[in-house]
Amino acid sequence: MPLTPQPIRRARVSSLATYVPPRLLTNADLEKLVDTSNEWILQRTGIEQRHIVEKGVGTSDLAKEAALVAIARAGLTPADIDLIIVGTTTPDTLFPSTACRLQAKIGAVNAWGFDLGAACSGFLYGLTTAANMVAAGASQRALVVGGDVMSSIIDYTDRTTCVIFGDGAGAVVVEASDDDRIGVIDFENYVDGHGGSALQMPAGGSLMPTTAETVAQRLHYVKQDGQTVFKFAIRNTEEACRRVLERNNLTANDIDLFVSHQANRRIIMGAAEKLGLPPEKVIINIERFGNTTAGTIPIALDEAVNTGRLKNGDLVMLASVGAGFTVGAVLIRWGTKA
Ligand code: UT7
């Protein structure tokens, strides 16, 4: 079908919803699994607990719960969605994509879609892709999901990683804005592919297919050089946000709320401080969810909306750094339908 050119429009997030599985994994639980302590985890990461799926629950299951609510909140039905983008590092299967599975689960019969691999930046990369599709007139109502079942690729004998991650998902509907001032204003996404070895799952792909040996060597789990990722994350969260601010002739004073990827409390507060953002403008909810990878930003946004910290008309800066390395910053004049 030929694409009918449409005038460029501003895209907005018209609704938002999230889902985390009910089961909790607390720091006390982890003390029983590995040589760690509640004090160490709290002090180094800010995390107190994470939500973890039961066996047999995949990313598409979390995505479905969030997506159905987001679509209803936008006053739509699944058949109104024409594009599904799922940012995830833990697809249900390598193929078919989680987007295809989700399309079937929610009955989005008129949507095409795909998975997007950008690790912790998966939601922001999905959002910027959808926003530009909507702005160009190539999509009318896109569904963007950021979600992960990190517990499926975490080694619960490795104390350096198992204390950090949790499971969860968030979904937004992206539509054309009827008010030119409301919606996605600008974004700055970039990658530094030299960072690949600092955070990765070595086996299970085409480079190192699964064998009895790779399983025995525990190569199907997240491996991280925490210090390298930590330093890169603070520096580049600041850098990406600063580029967006400067390009739009704004300063930190103009930002009402900073919603960063929740990887470590110290990274978020460190980047905010460098940007000149006071703590009251920063959302932190890592203590209750841990790092849900592509899920953290929609989960934090949802909390900001529900607690009244993010209101329609506010200027919000989203930011993330993830494996790759992937970096993203998105500036939005917030304005949902409901
Ligand atoms: O979202 C994806 C992006 N990921 C991130 O942004 C994560 C970035 N990195 C981090 O958040 C931090 O580097 C960590 C939380 C992973 C680690 O914190 P750190 O302050 O960088 O600790 P470290 O790696 O320098 O380790 C300090 C000490 C070490 O012991 P020694 O060598 O000083 O004796 C570690 O073995 O802490 C030890 N350690 C632990 N001790 C108790 C590492 N993990 C643990 C643990 N419990 N869970």
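The structure we're discussing is the one just above.
A short tour of the structure in this document, coming up. (Residues numbered from 1 in each chain as written. Predicted model: local features only at pLDDT ≥ 70, side-chain atom pairs only at ≥ 80, totals over all residues. Heavy atoms only, no water.)

Concerning the site of the ligand
- As a matter of local geometry, the ligand sits amid 22 residues, with Thr36, Arg44, Gln227, Asn264 and Asn291 nearest to it.
- Within the contact set of the ligand, a nitrogen atom lies 2.7 Å away from a side-chain nitrogen or oxygen of threonine 36.
- The side chain of histidine 261 places a nitrogen or oxygen atom 2.8 Å from an oxygen atom of the ligand.
- In isolation the ligand has 950 Å² of accessible area, and contact with the protein removes 74% of it.
- The dominant element in the shell around the ligand, judged by the number of residues it contributes, is helix H8 (residues 226-247), at four residues.
- Grouping the amino acids of the shell around the ligand by side-chain chemistry returns nine nonpolar, nine polar and four charged.
- Each of domain 1 (11-176) and domain 2 (183-333) gives at least three residues to the shell around the ligand. (Near = heavy atom within 4 Å. Polar contact = N/O pair within 3.5 Å; in protein donor to acceptor, adjacent residues only side chain to side chain. Areas by Shrake-Rupley, 256 points an atom, 1.4 Å probe, with all protein chains shown as cover. Helix = DSSP H or I, 4+ residues; strand = E, 2+ residues; numbered from the N terminus. Nonpolar A, V, L, I, M, F, W, Y, C, P; charged D, E, K, R; others polar. Domains from an automatic or database assignment.)

Looking at the pattern of salt bridges
- Scanning all chains against the criterion turns up 15 salt bridges.
- Of the charged contacts, one joins arginine 218 and aspartate 155 as a salt bridge, the two residues approaching to 2.9 Å between their closest N and O atoms. Remark: aspartate 155 occurs in the loop between strand E6 (141-149) and helix H6 (159-162) and arginine 218 occurs in the loop between helix H7 (212-216) and strand E10 (223-224); sequence separation between them is 63 residues.
- Residue class for aspartate 155 comes out buried when judged on its relative accessible area of 4%.
- Between glutamate 188 and arginine 247 there is a salt bridge, with its nearest N and O atoms 2.8 Å apart. Pair noted here: glutamate 188 is in strand E8 (residues 183-191) and arginine 247 is in helix H8, with a separation of 59 residues, a long-range link.
- Residue class for arginine 247 comes out partly exposed when judged on its relative accessible area of 43%.
- Salt bridges sharing common partners tie together Asp186, Glu188, Glu239, Arg243 and Arg247. (Salt bridge = Lys/Arg side-chain N within 4 Å of Asp/Glu carboxyl O. Buried < 20%, exposed > 50% of the residue type's maximum accessible area, 1.4 Å probe, protein only.)

Points about unusual backbone geometry
- A cis amide bond, omega 0 degrees, links phenylalanine 95 with the succeeding residue proline 96.
- Checked against the element boundaries, proline 96 lands in the loop between strand E4 (83-87) and helix H4 (98-106).
- In this structure, phenylalanine 325 follows glycine 324 across a cis peptide bond, with omega equal to -5 degrees.
- Here phenylalanine 325 lies in the loop between strand E12 (315-322) and strand E13 (326-333).
- Even without a glycine there, the phi angle at threonine 293 is positive, about 55 degrees.

Quick look at the packing of aromatic side chains
- Counted under the stated rule, the structure contains two aromatic pairs.
- On the basis of an interplanar angle of 40 degrees and a centroid distance of 5.7 Å, the ring pair of tryptophan 112 and phenylalanine 114 is categorised as tilted.
- Ring geometry for phenylalanine 232 and phenylalanine 325: centres 4.0 Å apart, planes at 15 degrees, overall stacked. With a gap of 93 residues between them, phenylalanine 232 in helix H8 and phenylalanine 325 in the loop between E12 and E13 connect regions that are remote in the sequence. (Phe/Tyr/Trp six-rings, centres within 6.5 Å; stacked < 30°, edge-to-face > 60°.)

Side note on the pairing of strand E1 (residues 11-19)
- Across the nine residues that make up E1, a large majority, seven, are buried.
- Judged from the eight bridges that link them, E1 and strand E7 (residues 167-176) form a sheet pairing that is antiparallel. Across the sheet, residue threonine 18 finds its bridge partner in E7, namely glycine 170. (Pairing = 2+ DSSP bridges.)

Remarks on the pairing of E7
- Counting buried positions along E7 yields nine of ten residues, so the element is predominantly enclosed.
- As paired elements, E6 and E7 share nine bridges and run antiparallel to each other. Bridge assignment links alanine 142 to a residue of E7, and that residue is valine 174.

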